[in-house]
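Structural description and commentary
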Amino acid sequence: MFEKLRIKEHMEVTDCRGQHVGTVDHVQDDAIKLTKSDSSDSMHHFLSLDDVEKIDDNRVYLKEGARIPEGLGNKAVMEDA
């Protein structure tokens, strides 16, 4: 288990394969609030702390099967297309 205090603003959040999902805005209660700049709908999205597998190299890794809100992690890809 990790300590939620280790999750800091601007840390990268990735899925279990290391693919970018979002960037931490801050931790709010038992959830990670992500910056809206990484979402295709320009809204904040939240991830449950229960979905975090580990924290390593200034990066938050989510567990396999973690629920990732639609539209996260692909804004940069959409803009480059």
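Above this text is the structure in question.
Keep in mind that what you see is a predicted model, and the values were worked out from it rather than measured.

A separate point is the sheet that holds strand β1 (residues 12-14). Overall, mixed pairing links the 6 strands, which are arranged β4-β3-β2-β1-β6-β5 in an open sheet. Each of the sheet's edge strands pairs with one partner strand only, and the pair in question is β4 (46-48) and β5 (52-56). Averaged over all pairs of adjacent strands, the angle between their axes in this sheet comes to 35 degrees, without regard to strand direction. Of the strand pairs in this sheet, β1 and strand β2 (residues 20-28) are connected by 3 bridges, and their pairing is antiparallel. Across the sheet, T14 pairs through a bridge with H20, a residue of β2.

A regular strand places its side chains so that they alternate between the two faces of the sheet. Pairing of β1 with strand β6 (residues 59-62), which is carried by 3 bridges, proceeds in the parallel orientation. Its bridge partner lying in β6, E12 is registered against R59. Pairing analysis gives 4 bridges linking β5 to β6, with the strands arranged antiparallel. What sits directly across from K54, in β6, is Y61. Counting the residues that bridge the hairpin from β5 to β6 gives 2 residues, and of these D57 lies at a positive phi of roughly 50 degrees.

Conventions used here
Residues numbered from 1 in each chain as written. Predicted model: local features only at pLDDT ≥ 70, side-chain atom pairs only at ≥ 80, totals over all residues. Heavy atoms only, no water. Pairing = 2+ DSSP bridges. Helix = DSSP H or I, 4+ residues; strand = E, 2+ residues; numbered from the N terminus. Axes fitted to C-alpha atoms, helices over the stretch in contact; angles between N-to-C directions.

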